[in-house]
2 protein chains.
Amino acid sequence: MPLPQPDLPEPAHPEVDSMLSRKFGKEIANYFSVLLFNKLEPLVNSSTSIATARFADVTSIVGVDPFSRTEEDTIAEYNSSVYVPQIIFLGLDERSEGLVYKDHYKGVPWFAVDVTPKGSVTEECEKLIKKMTADGKEFSKGRMHLSLPAQEGFKRTCPPKDIAPAVQNPERPPCATRTGISNLCFPRTDPTVIMAVVSADGQRMLLGRQKRWPPYWYSTLAGFLEPAESVEEAVRREVWEESGVHLGRVVIHSTQPWPYPANLMIGAIGQAIPGGEDIHLGHDAELEDAKWFTAEELREALRVGTSGLGEEAGPEYKEGGLRVPPQTAIANQLMTAVVNGFASGTSMI
Amino acid sequence: MPLPQPDLPEPAHPEVDSMLSRKFGKEIANYFSVLLFNKLEPLVNSSTSIATARFADVTSIVGVDPFSRTEEDTIAEYNSSVYVPQIIFLGLDERSEGLVYKDHYKGVPWFAVDVTPKGSVTEECEKLIKKMTADGKEFSKGRMHLSLPAQEGFKRTCPPKDIAPAVQNPERPPCATRTGISNLCFPRTDPTVIMAVVSADGQRMLLGRQKRWPPYWYSTLAGFLEPAESVEEAVRREVWEESGVHLGRVVIHSTQPWPYPANLMIGAIGQAIPGGEDIHLGHDAELEDAKWFTAEELREALRVGTSGLGEEAGPEYKEGGLRVPPQTAIANQLMTAVVNGFASGTSMI
């Protein structure tokens, strides 16, 4: 674990001693950046600058060890009489290269913490709010409450005038939403990537399986795109996380919507870099197995082994052979495209 | 305007007389389907079946004419003393082909209406809620309030047991979120499509311009993906809406994230169908102009006319020549790819 480098900000509270510092080294938790919210309003320095706090500022509210318990323990020990302030991990600021975790992730972690005075933390939250707002910082009033709906509910508009009889001055204060931003809001669609991965020589395909799937059933890897990622980057990251394989070239093949709940599957072909084909399932716990398959195995599976997850394979399928998703699934379409030469221009041998 | 066909449900309230019926024909507004929400809780028939109402059920709350005023008038006449219940247009159910609007859109419109008793509509909302829940329907309790956060705020979990001392029966009721769905929630990313459109013969490219852009500056068309659309469908729809051009083949080229605010640009190449190249800007008001450009014009623009929107064109640029986005923009990359033969395998002539 390298120590913080000069590109890091100065630590604000060198006395912090939390799980985070125990885990990552005492010096490191001091660098964690925290955004504070009071009744959903963010703490700001001014209308254009968000204010940050240090992890040590919120330990009186979230505890020195907010992530020490496993998810299983947290669920088993659920107690509705104890108020648990919300903490959200926002991401890593990679501009600070000094902090490295698991030899792979780098940067300063950012968190959002709800410091709304509530339940057993009321007093501590009020104390922190007082401290944070003493020097001119403030919790920015939300704009939603000042606006009215337009365009059948898809847009919020902040009107410049209020003709309510009780209002003394009908002119309302300036609002940034009146210029530049149109405040349209569409239903959300979550982009996901799904990818047929081929070996560096283009002659084998990587498939994976989850524990709950029927025996011999494999499919292409898949996962959610993260904020600020391109599809190409998401494909490389997900394949590394799930299988340990390192990809180079990525081309996008086609897409398929899954509107329930709200997904868009973006189908791609990824090619392993030479020397990057070793499988390692330890980065996350998603797959039970991942394996390289030959063109022969794939062709046979696409011919006799296709079915939905809850269905039987076709009559020609022989127990022990590879099973894969049906033609209606983009996974099947990607496999078929690759076997037929989409990635390389010539069919797999 | 064709009359409702037999595949439509029976109208519930033939007496409705609203703007909608005036606009679309008196019979048609009767078919509009409405979902009701009370304090964000949806009206349901049972835990697996959502209940619908008719437009006539909510006219006492939203008025018979909720969309009669223009956005400009709505903003100008804003009155904070008048509570305006939220109405959201959800989409068209295209299985009902009898209803056609503007010779193009078809299906039964669905809306969501907030019937929370509030302000001047308190009484009418209470009346409607009483009527709707009289026969066993109910407003489904939200699950968010029953759950606790896990995984650094990215997941909500519904624990099966509550160890609070005041709770008599620690076993909590069954919850569908405990099986199958993991209730993970990631920051939102909105997929957008951006497309270089080529003519049916592959020799010209369609570009458009917005009014606020500098003179002679054009770019590729673009727009948001809608729920349940594939990228390929979104490309065809957006190009038709903005330019009137009908596309056939669509291939995806590459992607570029724009994390502020939360967009993913998905770059594609679309090819017009023979006879589908006529430009019509009347479907929406987004573009000031759209035009077909030759390979020669495009090559010259890519060589001397590239710049950011606020910047000057290069020194070799001659006033009146085509100006286009810089190399850092995916629009430029798409144009360059097409001119160099991405779509057809050979360069444009």
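Here the structure is shown first, and the text comes after it.
Structural notes, computed from the coordinates.

What counts, and where the lines are drawn
- Residues numbered from 1 in each chain as written.
- Chains lettered and ligands numbered in written order.
- Predicted model: local features only at pLDDT ≥ 70, side-chain atom pairs only at ≥ 80, totals over all residues.
- Heavy atoms only, no water.
- Helix = DSSP H or I, 4+ residues; strand = E, 2+ residues; numbered from the N terminus.
- Contact = heavy atoms within 4.5 Å.
- Phe/Tyr/Trp six-rings, centres within 6.5 Å; stacked < 30°, edge-to-face > 60°.
- Buried < 20%, exposed > 50% of the residue type's maximum accessible area, 1.4 Å probe, protein only.
- Lys NZ or Arg CZ within 6 Å of the ring centre and 35° of its normal.
- Pairing = 2+ DSSP bridges.
- Buried area = accessible area lost by both parts, 1.4 Å probe.
- Salt bridge = Lys/Arg side-chain N within 4 Å of Asp/Glu carboxyl O.
- Polar contact = N/O pair within 3.5 Å; in protein donor to acceptor, adjacent residues only side chain to side chain.
- Least-squares fit on C-alpha atoms with pLDDT ≥ 70 in both.
- Axes fitted to C-alpha atoms, helices over the stretch in contact; angles between N-to-C directions.
- Parallel < 35°, antiparallel > 145°, perpendicular 65-115°, else oblique.
- Left-handed = near helix turned anticlockwise from the far one by under 90°.
- Nonpolar A, V, L, I, M, F, W, Y, C, P; charged D, E, K, R; others polar.

1. As for the environment of Trp217(A)
Residue and element names in this part refer to chain A.
So, step 1. Looking at the element boundaries, Trp217 is found in the loop between β13 (204-209) and β14 (221-224).
So, step 2. Here the alpha-carbon distance between Trp217 and Leu207, two residues ten residues apart in the chain, equals 9.6 Å.
So, step 3. When sequence neighbours within four positions are dropped, the list of residues in contact with Trp217 reads Arg209, Ser307, Gly308, Leu309, Arg323, Val324 and Pro325.

2. Focus on the packing of aromatic side chains
Describing an aromatic ring pair means giving the distance of the ring centres and the angle of the ring planes.
So, step 1. One pass over the full model with this rule turns up ten aromatic pairs over all chains.
So, step 2. Taking 5.1 Å as the distance between ring centres and 70° as the angle between the ring planes, the aromatic pair formed by Tyr218(A) and Phe293(A) counts as edge-to-face. Of this pair, Tyr218(A) sits in the loop between β13 and β14 while Phe293(A) is found in strand β17 (residues 289-294), placing the two residues 75 residues apart along the sequence. Residues Tyr218(A) and Phe293(A) agree in their burial class; the two are buried.
So, step 3. For the cation-ring pair, Arg209(A) lies above Tyr218(A), with the distance from its terminal atom to the ring centre recorded as 5.9 Å.
So, step 4. One cation-aromatic arrangement involves Arg323(B) over Tyr317(B); the distance from NZ or CZ to the ring centre is 5.8 Å.

3. What to know about the pairing of strand β15 (residues 247-258) of chain B
Residues and elements named next belong to chain B.
So, step 1. In the sheet, β15 pairs with strand β16 (residues 263-272) via nine bridges, with the strands oriented antiparallel. Of the residues in β16, the one forming a bridge with Val250 is Gly270.
So, step 2. A loop of four residues connects β15 with β16, the two strands running antiparallel in sequence.

4. Digging into the interface of chain A and chain B
So, step 1. Each side of the interface is counted separately: chain A has 55 residues, and chain B has 55 residues.
So, step 2. Together, the buried faces of chain A and chain B total about 4700 Å²; carbon and sulfur atoms form 63% of this surface.
So, step 3. Of all residues in chain A, Tyr78(A), Glu152(A) and Arg188(A) bury the most surface against chain B, accounting for 15% of the area lost on that side.
So, step 4. Linking chain A with chain B are zero salt bridges, by the criterion used here.
So, step 5. Here chain A is connected to chain B by nine residue pairs in polar contact (both at pLDDT 80 or more).
So, step 6. Those elements giving two or more residues to the side of chain A that touches chain B turn out to be α4 (71-76), β5 (87-93), β10 (148-150), β11 (155-157), α6 (231-243), β15 (247-258) and β16 (263-272) of chain A.

5. Details of unusual backbone geometry
So, step 1. Note that the residue after Tyr260(A), namely Pro261(A), is joined by a cis bond; omega there is 5°.
So, step 2. Take Pro261(A): it is sitting in the loop between β15 and β16.
So, step 3. For Leu40(B), which is not glycine, the phi torsion reads 70° and is therefore positive.
So, step 4. With respect to the secondary-structure elements, Leu40(B) resides in the loop between β1 (33-38) and β2 (41-46).
So, step 5. Under the relative-accessibility criterion, Leu40(B) is labelled exposed at 79%.

6. So, the relation of the copies chain A and chain B
Relating the two copies of this chain is a rotation about some axis coupled with a shift parallel to it.
So, step 1. Under the fitted operation, chain A is carried onto chain B by 0.1 Å of movement along the axis and a turn of 180°, and the coordinates agree to an RMSD of 0.2 Å. Both chain copies can therefore be described as sitting about a two-fold axis.
So, step 2. The fraction of interface residues of chain A whose copies in chain B are also interface residues reaches 100%, indicating that both copies meet through the same surface.

7. A word on the packing of helix α7 (residues 295-304) of chain A against helix α8 (residues 330-339) of chain A
Residues and elements named next belong to chain A.
So, step 1. Where α7 meets α8, the closest approach of the two axes is 11 Å, and the angle between their N-to-C directions is 135°. Looking at the two axes, α7 sits oblique to α8. Handedness of the α7/α8 crossing: left-handed. Mapping the contact onto sequence places Leu298, Arg299 and Leu302 in α7 and Asn332, Met335, Thr336 and Val339 in α8.
So, step 2. Tallied by class, residues from the contact of α7 with α8 come to four nonpolar, two polar and one charged.

8. Focus: helix α3 (residues 55-62) of chain A
Helical periodicity: at 3.6 residues per turn, an α-helix aligns residues three or four positions apart in one direction.
All names here are of chain A.
So, step 1. Burial within α3 is extensive, with seven of its eight residues counted as buried.
So, step 2. Of all the residues in α3, the buried ones are Phe55, Ala56, Asp57, Val58, Thr59, Ile61 and Val62.
So, step 3. At the C-terminal side of α3, Gly63 shows a positive phi close to 85°.

9. Here we look at the pairing of strand β8 (residues 108-114) of chain A
Residues and elements named next belong to chain A.
So, step 1. Counting buried residues along β8, five of its seven residues qualify, which places the element largely inside the surrounding structure.
So, step 2. In this structure, strand β1 (residues 33-38) lies alongside β8, joined through five bridges in parallel fashion. By the bridge assignment, Leu36 is partnered in β8 with Val113.
So, step 3. Of the pairings in the sheet, the one linking β5 to β8 comprises six bridges and is antiparallel in character. Paired with Leu92 across the two strands is Pro109, which belongs to β8.

10. Notes on the pattern of salt bridges
So, step 1. Counted by the stated rule, this structure contains 26 salt bridges over all chains.
So, step 2. Its salt-bridge partner being Glu316(A), residue Arg303(A) comes within 3.2 Å of it at the nearest N-O pair. Of this pair, Arg303(A) sits in helix α7 while Glu316(A) sits in the loop between α7 and α8, placing them 13 residues apart in sequence.
So, step 3. Residue Arg237(B) pairs with Glu241(B) through a salt bridge whose shortest N-O separation is 3.2 Å. With a gap of four residues between them, Arg237(B) and Glu241(B) both fall in helix α6 (residues 231-243), about one helical turn apart. Residues Arg237(B) and Glu241(B) agree in their burial class; the two are buried.

11. A closer look at the side chain of Asn79(B)
So, step 1. Take Asn79(B): it is sitting in the loop between α4 (71-76) and β5 (87-93).
So, step 2. Residue classification places Asn79(B) among the buried positions, given a relative accessible area of 18%.
So, step 3. Aside from chain neighbours lying at most four places away, what touches Asn79(B) is Asp162(A), Ile163(A), Ala164(A) and Pro165(A).

12. Digging into the packing of helix α3 (residues 55-62) of chain B against helix α5 (residues 122-133) of chain B
Residues and elements named next belong to chain B.
So, step 1. Where α3 contacts α5, the axes come no closer than 9 Å and their chain directions differ by 160°. Comparing their axes, α5 and α3 come out roughly antiparallel. When the axes of α3 and α5 are compared, the crossing they make is left-handed. On α5, the residues that touch Asp57, Val58, Ser60 and Ile61 of α3 are Glu124, Cys125, Leu128, Lys131 and Met132.
So, step 2. Tallied by class, the residues present in the contact of α3 with α5 amount to five nonpolar, one polar and three charged.

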